[in-house]
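For reference, the chains in residue letters:
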Amino acid sequence: MSSHFTSIHSAPRSRMTVALLGLCFLAAGWPERSEAQKQMYRWVDEQGEVQYTDHPPPAQLGQGHTRLNEVGVRTETIPPPPTEDELRQAKEQERLQAETARRIAQQKAADQALLQTYRTLDDLLLAGKGRIAAIETPIQARREVMRPEQERLVTLHAEKAALERAGKAVPASLADSIAQSEKRLRESYTFILEQTLKKGPVRQEFAQSAERYRLLKKLPAPTPPETVDLVPNDLVSCQGAEQCGQYWQQAMNYFRAHSDPKDEIAGPGFLMSLRKDEREDRRLALAWIQNSAAEPVYLYFDLNCRDRLTAKSCSTEQDQRIRDGFRAAVAR
């Protein structure tokens, strides 16, 4: 007798059919077989037809199979080996699970650090104000350095205007002094711009920390909701000659709408207006700032007022509205 059952190609046999076959074989007086010989296998060949054999299916088929006992009862199911696509999907799933676990652990550590660093929300908000103050300090120091330079430029322009009214030529030394003074002021405004741009990310960082802190402590959200501008309203960026030319013209119009033409000093990419009285020293400036041709152009509008008696800021709510209106007026 053959060592294996012949393949069955007609229709898939049910478990009961196989069981009946096994009983029939036993009733027919088949000799007693060892436990290994009693194993049967049900599998599907490459043509999709069900096969019953007493040996496992050929490995090259890559198919799963079912192991049956001598009466056709299933004892074990062996799945087919995974495909390359299934292996890739499993690997990607493992990567995503590992990444999720990493982020959860990272967030947990950040939350613990946040709660350990600040006892209260007020402590956190005060720390944010301290970071902003640390950025503002060198800005104010630079403004103090700029004041005598601005006054010097006013004097130089007055000398130039007097010579022109008298019909006299402007000496090259005077023109060079004016150009150098304007250059130093633009460099100072570049420094102020760089420092100012640091404030937005700091405000955003502490706003996000405050939001997370409220969530962890179950504190109510602020009313109205806090908003953070990464770029202040007295600053506009542009790219390309056409856009920047248009913006610059609109920026000059806005500057002149809030200054006295008699006090205006104009140079390449630079406007300034100084006005002093017994109490106030009010200064208005507009600067075109670009570090390199590959970087965007920034148009910076500067309005500040200092009390001449106390040396403290005397900016009003109206001044703040003028600053806040610059971007909307230029980039409309």
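Above this note sits the structure.
Cut-offs applied
Residues numbered from 1 in each chain as written. Predicted model: local features only at pLDDT ≥ 70, side-chain atom pairs only at ≥ 80, totals over all residues. Heavy atoms only, no water. Disulfide = S-S within 2.5 Å. Buried < 20%, exposed > 50% of the residue type's maximum accessible area, 1.4 Å probe, protein only. 1 Å grid on protein atoms, 1.4 Å probe; cavity = no way out; pocket = protein on both sides within 12 Å on 5 of 7 lines; lining within 4 Å. Points joined across faces, edges and corners; volume = space filled by probe spheres on them. Helix = DSSP H or I, 4+ residues; strand = E, 2+ residues; numbered from the N terminus. Nonpolar A, V, L, I, M, F, W, Y, C, P; charged D, E, K, R; others polar. Pairing = 2+ DSSP bridges. Salt bridge = Lys/Arg side-chain N within 4 Å of Asp/Glu carboxyl O. Axes fitted to C-alpha atoms, helices over the stretch in contact; angles between N-to-C directions. Contact = heavy atoms within 4.5 Å. Parallel < 35°, antiparallel > 145°, perpendicular 65-115°, else oblique. Expected span 1.5 Å × (residues − 1). Bend = angle between axes of the 7 residues up to and from the residue. Core = buried A, V, L, I, M, F, W, Y, C linked by side-chain atoms within 4.5 Å.

Novice: Sorry, what's going on with the state of the cysteines here?
Specialist: In protein chemistry, a disulfide is the covalent bond that joins the sulfur atoms of two cysteines. Applying the stated criterion across every chain, the model contains two disulfides. Shown here is the disulfide that connects Cys238 with Cys244, its sulfur atoms set 2.2 Å apart. Measuring handedness by torsion sign, the sulfur bridge of Cys238 and Cys244 sits at about 120 degrees and is right-handed. When sorted by exposure, Cys238 lands in the same class as Cys244, which is buried. Disulfide pairing is shown between Cys305 and Cys314; the S-S distance is 1.9 Å.

Novice: In this structure, what is going on with empty space enclosed by the protein? I would like to understand it.
Specialist: If a probe the size of a water molecule is rolled over the atoms, the empty space left behind becomes visible. Going through the model one piece at a time under the given rule, you end up with one cavity of 30 Å³ or more. The computed volume of the largest cavity comes to approximately 50 Å³. Among the elements of the structure, α3 (121-165) and β9 (297-307) are those that each provide at least two residues to the lining of the largest cavity. The element best represented in the lining of the largest cavity is α3, accounting for four residues. When grouped by side-chain class, the residues that make up the lining of the largest cavity number one nonpolar, two polar and four charged.

Novice: Explanation requested: the pairing of β9 in the structure shown.
Specialist: Among the 11 residues of β9, nine are classified as buried, and the element is accordingly described as predominantly covered. The sheet contact formed by strand β8 (residues 280-289) and β9 spans 10 bridges and is antiparallel. The partner of Glu280 across the bridge, within β9, is Asp307.

Novice: Explanation requested: the pattern of salt bridges in the structure shown.
Specialist: Opposite charge on two side chains allows them to pair when their charged atoms are near. Here the structure, examined in full by the defined rule, presents 24 salt bridges. For Lys276, the salt bridge identified is with Glu151, shortest N-O distance 2.7 Å. Of this pair, Lys276 sits in strand β7 (residues 270-276) while Glu151 sits in helix α3, placing them 125 residues apart in sequence. Judged by its relative accessible area of 41%, Lys276 falls in the partly exposed class. Within this structure, Glu144, Arg147, Glu151, Lys276, Asp281, Arg283 and Arg306 form a network of salt bridges that share partners.

Novice: How should the sheet that holds strand β6 (residues 264-267) be read in this particular structure?
Specialist: Remark on secondary structure: sheet strands pair via backbone hydrogen bonds, oriented parallel or antiparallel. On the basis of which strands lie adjacent, the open sheet formed by five strands has the order β5-β9-β8-β7-β6 and antiparallel pairing. Taken across any chain shown, the strands that pair with only one partner, and hence form the sheet edges, are β5 (235-238) and β6. Going from strand to strand, the sheet's axes swing by 10 degrees on average, the running direction of each strand aside. In terms of strand pairing, β5 meets β9 through four bridges, oriented antiparallel. The partner of Val236 across the bridge, within β9, is Leu299. Along the sheet, α3 contacts β6, β7, β8 and β9; its crossing angle with β7, the most-contacted strand, is approximately 95 degrees. Along the sheet, helix α4 (residues 172-217) contacts β5, β6, β7, β8 and β9; its crossing angle with β8, the most-contacted strand, is approximately 85 degrees.

Novice: It is not clear to me how the packing of helix α2 (residues 84-117) against α4 should be interpreted in this structure. Could you clarify?
Specialist: Angle between the axes and distance between the axes: these two values describe a pair of packed helices. Packing of α2 against α4 brings their axes to within 11 Å, and their N-to-C directions diverge by 90 degrees. The angle between α2 and α4 falls in the class roughly perpendicular. Residue-level inspection shows Gln107, Asp111, Leu114 and Leu115 of α2 in contact with α4, the latter providing Ser209, Arg212, Tyr213, Leu216 and Lys217.

Novice: What am I meant to see in α3 here?
Specialist: An α-helix turns once every 3.6 residues. As a result, residues three or four positions apart point the same way. The end-to-end C-alpha distance of α3, which contains 45 residues, comes to 63 Å, matching closely the 66 Å that a straight helix rising 1.5 Å per residue would cover. A maximum bend of about 30 degrees is found in α3 at Met146, where proline Pro148 lies one to four positions downstream. Phi turns positive, to about 75 degrees, at Gly167, one or two residues after α3.

Novice: Whenever I open this one, the nonpolar core confuses me. Can you help?
Specialist: Side chains of nonpolar character tend, in soluble globular proteins, to be buried together. Ranked by internal contacts, the top residues of the largest apolar core, which has 20 residues, are Leu286, Leu299, Phe301, Phe326 and Val330. If you list the elements that add at least two residues to this core, you get β5, α5 (241-257), β8, β9 and α7 (326-330). Looking at this core element by element, the count peaks at seven residues for α5. What Val330 contacts, discounting residues up to four positions off in sequence, is Val236, Tyr247, Gln250, Ala251 and Leu299.

Novice: Would you mind showing me how to read the layout of surface pockets here?
Specialist: Roughly 1000 Å³ of internal volume is contained in the largest pocket. Along the walls of the largest pocket sit 40 residues, with Ile132, Glu136, Lys199, Arg203 and Gln320 positioned nearest its centre. Taken together, the elements giving at least two residues each to the lining of the largest pocket come down to α3, α4, β9 and α6 (317-324). The element that contributes the greatest number of residues to the lining of the largest pocket is α3, accounting for 10 residues.

Novice: What's the story with α4 in this structure? I'm lost.
Specialist: The terminal C-alpha atoms of α4 lie 68 Å apart, and with 46 residues this matches the ideal 68 Å at 1.5 Å per residue to within 8%. Two residues or fewer after α4 comes Lys218, characterised by a positive phi angle close to 60 degrees.

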